[in-house]
Amino acid sequence: MAFSAPLEATQTDLFSETSAPIKTEDMLAPESYTGLSGFHKYWGKKPTESLSYLIENLTEEGDIVMDPFLGSGLISREALLRNRRFIGIDINPFSIEHSTFLLNLPSNKEYYKALLEIELRVAKEINETYKTSEDRVASHFLWEENKIASIWIKPETGRNRIEISPTQEDFIQFEKYNGYSPRNFRNLTFFTNSRINVKPTMSVNDIFTGRAMHNIDLIIDAISNYPTHIKRALLLTLTSSSGQMSNMVFAIKNRGGNGKRNGVENKIEVGSWVIGYWLPETHFEINVWNCYKSRANKLLKALPDHDSKCYSVSNDHSKIILDNSDVWLVNSDCRKALRSIPDESVTLVCTDPPHSDRVPYLELSEMWNSILGYNVEFSDEIVVSNAKERLKSKSIYNSEMTEFFLETARVLKKDGFIALYFNARDEESWQYLKCIESTSGTLKFIGCFPMVYSATSVVQDNRKGAMKSDYVIVYRKSNETNGRILPDFLTKIANWSTTFPEKA
Ligand SMILES: C[S@@+](CC[C@H](N)C(=O)[O-])C[C@H]1O[C@@H](n2cnc3c(N)ncnc32)[C@H](O)[C@@H]1O
């Protein structure tokens, strides 16, 4: 498989440089996460239609929009395309890296050129490590009970794979890299969290084979000298494909039952990395270069075919709003970063905070942050985690979210809005949302509406403990008795309600 050479005029999906106004109907049939918004996995991405609708209707050009729990950062581009200024904060360094990438895209030609150069530099050496006893390059090794059960080879022509039986030599080739210690990425920090199957003793050597780490190192070395915006895209291609490079790729057997599908004998299929760090006994070891190339081809199709606007991003949290930037992306606990923002300066806070006992973002992002070489401040994460040593209970979650809310109320302009995406089935997780009106004295709950996801989107989230739908809960800052008057662009949203959702 070669890299797909960029064609003239590729599609650039939601990042086409102009943005048509969003109608309420658009929120009922959101696009799925394709193109750039589907390039990198992140848990809890929200459809851009609802984000854009809120930005367009609750703010004006030049106003400041803030997302203090930024995640993948899709909202940042929506705000900037509409000529708003934007503050994004997240405790996860990966989030800032990915959001900065979205605001400083290489063109597909720049990216393609770099990929060809990297291929020249490392593909041969990587493929050598996968040479079989028959001197052919393997694409997949099927591992069963610590033994290679089968080796797959991609034929020169045609689509059907060739399966060969391993020999002792194939195992010796694999063992050459046993005990490899990676040069370019740090070891993982894990707690004891059975929900995502991790223990403090787990290391990169459990997640990756020595051979995979050796090859990932080669790719990182080859990426290191590119200009920052290209290097960032190349590195994120690596994190995006790291799950498929790991020992966490399930082998799917007998899908469809009866051992047959459409009358044809069922073959083993390659699964993908799922939420958590599950290490199935029967799994695939996939050729690292093929994983990288396949992800790169996806990004090639999504990148613009022209130079797109690069935003100058300020990362200094002590200067938010005080310098002349249009966009600040800050890696910090938002409660700390918010303290340096002047009173009454933000018009809209549109955010999707951690939903209580759902997704432990930092623990799950550990593989990516390790490859990117970032250290992480776990203690300041607002989350409920099964990892007892982290002391992240629901009551601490409620008090930390209240702290965030009060600081947010301070920085919000009078008559400004907070639109908060939320979902939890248990009553305790809603406590801070229901109490904030009386605690703050200035925020008024004005209503909420349920979210609609694309029918073809996998909601990349953990539905355990969740209602069927996520909700957007809207507050307004006002001391006036008429602070609860509802603008009609909110009331005309489907299923708008002035009471909190029933927890179904
Ligand atoms: C639900 S996710 C946001 C997902 C986002 N809507 C998207 O489209 O990808 C919540 C985010 O809150 C971040 N977070 C958790 N604790 C935080 C804190 N104390 N300060 C800032 N961000 C925090 C997590 O790292 C995570 O990225």
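In this text, all values refer to a predicted model and were calculated from it rather than measured experimentally.

Here we come to the site of the ligand. By nearness alone, 24 residues border the ligand, and Gly44, Phe69, Gly71, Ser72 and Asp352 come closest of all. Residues that form the shell around the ligand fall into these classes: 12 nonpolar, five polar and seven charged.

Interhelical geometry of helix 4 (residues 74–81) versus helix 5 (residues 93–103) gives an angle of 35° and a closest axis separation of 8 Å. As helix 4 runs across helix 5, the sense of the crossing is right-handed. Residue-level inspection shows Ser76, Arg77 and Leu80 of helix 4 in contact with helix 5, the latter providing Ser99, Leu102 and Leu103. Tallied by class, the residues present in the contact of helix 4 with helix 5 amount to three nonpolar, two polar and one charged.

This part takes up the sheet that holds strand 5 (residues 162–164). A sheet is described by the order of its strands in space; here six strands give the open sequence 5-4-3-10-6-9, paired in antiparallel fashion. A single partner strand is all that each edge strand has here, and the edge strands are strand 5 and strand 9 (269–270). Strand direction decides the pairing type here: strand 6 (residues 249–252) and strand 10 (residues 283–286), joined by two bridges, are antiparallel. In the strand pairing of strand 10, valine 249 is matched with phenylalanine 284.

One finds Leu348, Cys350 and Val474 to be the most contacted residues of the largest nonpolar core, which totals 124 residues. Per-domain counts for this core show at least three residues from each of domain 1 (35–95 + 311–491) and domain 2 (108–302). Not counting residues within four places of it along the chain, the set of residues in contact with leucine 348 comprises Leu54, Ile55, Leu58, Thr59, Asp63, Val65, Gly416 and Phe417.

Turning to the confidence of the model for the protein, a few remarks are in order. Overall, the prediction assigns the protein a mean pLDDT of 91, with 93% of residues at 70 or greater. Contacts of residues 10–15 to residues separated by more than four positions or lying in other chains number 14 contacts, the stretch itself having pLDDT below 50.

So, about the domain arrangement of the protein. Looking at the assigned domains, one finds that the protein contains domain 1 (35–95 + 311–491) and domain 2 (108–302). Computed from C-alpha coordinates alone, the two centres of domain 1 and domain 2 are separated by 34 Å. Contacts between domain 1 and domain 2 engage 23 residues on the former and 24 residues on the latter. Among the elements of the structure, helix 2 (35–39), helix 13 (361–364) and helix 14 (366–372) are those that each provide at least two residues to the side of domain 1 that touches domain 2. Per-element tally for the side of domain 1 that touches domain 2: the top contributor is helix 14, with six residues. Here the residues of the side of domain 1 that touches domain 2 sort into 10 nonpolar, seven polar and six charged.

The subject of this paragraph is helix 16 (residues 431–440). The complete set of buried residues in helix 16 reads Tyr432, Leu433 and Ile436. In an axial view of helix 16, the angular spread of the buried residues amounts to 90°, which keeps them on one side of the axis. Exposed side chains of helix 16 directed beyond 90 degrees from the buried face belong to Lys434 and Ser438. The inward-facing, buried residues of helix 16 abut helix 15 (394–411), strand 14 (412–422), strand 15 (443–450) and strand 16 (471–477). One or two steps after helix 16, the chain reaches glycine 441, where phi turns positive at roughly 80°.

Before going further, it helps to examine helix 4. Judged by how many residues are buried, helix 4 sits mostly within the fold: seven of eight residues are covered. Residues of helix 4 that are buried include every one of Leu74, Ile75, Ser76, Arg77, Glu78, Ala79 and Leu80, and no others. With its phi angle positive at about 60°, asparagine 83 sits one or two positions after the end of helix 4.

Okay, the sheet that holds strand 15 next. One open sheet holds the eight strands; their spatial order is 11-12-2-1-13-14-16-15, and the pairing between them is mixed. Of all the strands in the sheet, just strand 11 (313–314) and strand 15 have a single pairing partner and so form its edges. In this sheet, strand 16 lies alongside strand 14 in antiparallel orientation, the contact comprising six bridges. From the neighbouring strand, phenylalanine 422 faces strand 16, where its bridge partner is tyrosine 471. Running at roughly 160° to strand 15, helix 16 makes contact with strand 14, strand 15 and strand 16 of the sheet.

The rules behind these values
Residues numbered from 1 in each chain as written. Predicted model: local features only at pLDDT ≥ 70, side-chain atom pairs only at ≥ 80, totals over all residues. Near = placed C-beta within 6 Å. Nonpolar A, V, L, I, M, F, W, Y, C, P; charged D, E, K, R; others polar. Axes fitted to C-alpha atoms, helices over the stretch in contact; angles between N-to-C directions. Helix = DSSP H or I, 4+ residues; strand = E, 2+ residues; numbered from the N terminus. Left-handed = near helix turned anticlockwise from the far one by under 90°. Contact = placed C-beta atoms within 7 Å. Pairing = 2+ DSSP bridges. Core = buried A, V, L, I, M, F, W, Y, C linked by C-beta atoms within 7 Å. Buried ≥ 20, exposed ≤ 12 C-beta atoms within 10 Å, placed from the backbone. Domains from an automatic or database assignment. pLDDT = per-residue confidence, 0-100. Arc of directions from axis to C-beta.

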